Amino acid sequence: MSVLLFSHAACMEHEVALGHPESPGRLRAIAEALSAPEFDGLDRREAPMIDPLLIEYVHDPDYVRAVMAAFPEEGSVRLDADTAVNPGSKEASLRAAGGVVAAVDAVMSGEAKRAFCAVRPPGHHAEPDQAMGFCIFNNVAIGAVHAQRVHGAERVAVMDFDVHHGNGTQAMFEKNASLMFASTHQSPLYPGTGRLHEAGVAGNIVNAPLEPFAGSDAFTAAMEDRILPALRRFDPDLILISAGFDAHGEDPLAQMMLTEDDYGWATEALIAVAEDCCGGRVVSTLEGGYNLSALGRSVATHVQALGKDL
Ligand SMILES: [Zn+2]
């Protein structure tokens, strides 16, 4: 089955700082991994720039205006303690969000069943009115609300297996019962949110915090016991994945000790839920993942799983 791959060379022009882990090299590693012959069948598309008005689905209009005005023509501007922008960041940010919106358009219109967006900057820490943790615009949350506003989806779920909790997505969804946010993440770890008791307005926030060195068995159990049943009960019309690969055992920023096979398994498990609930529709977008070799291998396993007919 053909999987759509949205990306753009401009997403490599955003640089937080020299030597920063959220580097352009991440997309180069992914491009190299997806250049293997088994990915010849991918339907590769350029991520378009989003209309900034659509960013206001989930972000405060004043924040969007402030960020658009802050993107520099030269030098670097700091938006948050660990988030800075350079002259390449404006186009990269607009294409990162635009890629997810285009992927949602293609999947919701039936053009394809599944898509992966190899884009950066990532998005899941971006709050309604604040850049945070390498994230500027919350790409996945924008895509979820777009599916509702433009394609009539009633319920949309985001599953986030990045090792960090997606505090921004949770903040955008927690008061809206038509949106679900489910997350596995290491705890304690940045950003410190994502406790079990954070359940949203209608049980629509489902957190599965895992201890450092939790490993594959604890991750699998959290998915099987907590995340997957909640997703089935929610019965979404579209599943989005915040696909961060920094829970991998080789990642320098965390210690959850997963392998690329865990990402393949989790992807297939999410596809199985999507097949039962929403015609198999899954849109996945890149979040973290900072060991370049592990990132390339993990994305390859994830994209291969997205192409499976289960
Ligand atoms: Zn992360």
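Before any of the text, the structure's been laid out above.
Colleague: It is not clear to me how unusual backbone geometry should be interpreted in this structure. Could you clarify?
Modeller: Among all residues except glycine, the phi angle is most often negative; among peptide bonds, the trans geometry is most common. For the bond running from R120 to P121, omega is 5°, close enough to zero to count as cis. Note the cis peptide between S187 and P188, where omega equals 5°. Within the chain, M257 stands out as a residue other than glycine whose phi angle is a positive 65°. Tracing the chain through its elements places M257 in the loop between strand 9 (238-243) and helix 8 (260-278). Classification of M257 as partly exposed rests on a relative accessible area of 35%.

Colleague: How should I be thinking about a negative patch on the surface in this particular structure?
Modeller: Taken together, the side chains of D51, E56, D60 and D129 define an acidic patch exposed on the protein surface. Position of D51 relative to the elements: it lies in the loop between strand 2 (43-46) and helix 2 (52-55).

Colleague: So what exactly am I meant to see when it comes to the coordination of the zinc ion here?
Modeller: Every protein donor of the zinc ion is accounted for by D162 (OD), D162 (OD), H164 (ND1) and D246 (OD), and the metal-donor separations fall at 2.0 to 2.8 Å. Each donor residue of the zinc ion lies on one chain, and together they are spaced D-x1-H-x81-D. Side by side, D162 and H164 carry an identical accessibility label, which is buried.

Colleague: Help me understand the packing of aromatic side chains in this model?
Modeller: Working definition: an aromatic ring pair is given by the centre-to-centre distance plus the angle between the planes. Considering all chains together, one arrives at six aromatic pairs under this definition. Between the aromatic rings of F245 and Y263, the centroid separation amounts to 4.9 Å while the plane-to-plane angle is 75°, which identifies the pairing as edge-to-face. Pair noted here: F245 is in the loop between strand 9 and helix 8 and Y263 is in helix 8, with a separation of 18 residues, a long-range link. Here the aromatic residues F161, F245 and Y263 are joined through ring pairs into a cluster of three or more.

Colleague: When you look at the environment of Y190 in this model, what are you seeing that I'm missing?
Modeller: In this structure, Y190 sits in the loop between strand 7 (179-186) and strand 8 (205-210). Relative accessible area serves as the criterion here: at 34%, Y190 is assigned to the partly exposed category. When the C-alpha atoms of Y190 and F137 are compared, they prove to be 18 Å apart, with 53 residues separating the residues in sequence. Among residues more than four places away in sequence, those in contact with Y190 are D82, H125, M132, G133, H164 and H165. Separated by 3.2 Å, the side chain of Y190 and the backbone nitrogen of G133 make a polar contact.

Colleague: Help me understand the packing of helix 1 (residues 25-33) against helix 9 (residues 292-306) in this model?
Modeller: In a pair of packed helices, the angle between the axes and the distance between the axes together describe the arrangement. Contact geometry for helix 1 and helix 9: axes closest at 8 Å, N-to-C directions at 45°. Taken together, the axis directions place helix 1 and helix 9 in an arrangement best described as oblique. Like other packed secondary-structure pairs, helix 1 and helix 9 cross with a definite hand, here right-handed. Here G25, R26, A29, I30 and A33 of helix 1 lie close against helix 9, whose contacting residues are L292, L295, G296, V299 and A300.

About the cut-offs
- Residues numbered from 1 in each chain as written.
- Predicted model: local features only at pLDDT ≥ 70, side-chain atom pairs only at ≥ 80, totals over all residues.
- Heavy atoms only, no water.
- Helix = DSSP H or I, 4+ residues; strand = E, 2+ residues; numbered from the N terminus.
- Buried < 20%, exposed > 50% of the residue type's maximum accessible area, 1.4 Å probe, protein only.
- Patch = residues over 30% accessible without salt bridge, like charges linked within 9 Å, V, L, I, M, F, W, Y side chains within 5 Å.
- Areas by Shrake-Rupley, 256 points an atom, 1.4 Å probe, with all protein chains shown as cover.
- Salt bridge = Lys/Arg side-chain N within 4 Å of Asp/Glu carboxyl O.
- Lys, Arg positive; Asp, Glu negative; His and termini not counted.
- Charge placed at Lys NZ, Arg CZ, Asp CG, Glu CD.
- Donors = N, O, S within 2.8 Å, 3.2 Å for Na, K, Ca; no water.
- Phe/Tyr/Trp six-rings, centres within 6.5 Å; stacked < 30°, edge-to-face > 60°.
- Contact = heavy atoms within 4.5 Å.
- Polar contact = N/O pair within 3.5 Å; in protein donor to acceptor, adjacent residues only side chain to side chain.
- Axes fitted to C-alpha atoms, helices over the stretch in contact; angles between N-to-C directions.
- Parallel < 35°, antiparallel > 145°, perpendicular 65-115°, else oblique.
- Left-handed = near helix turned anticlockwise from the far one by under 90°.

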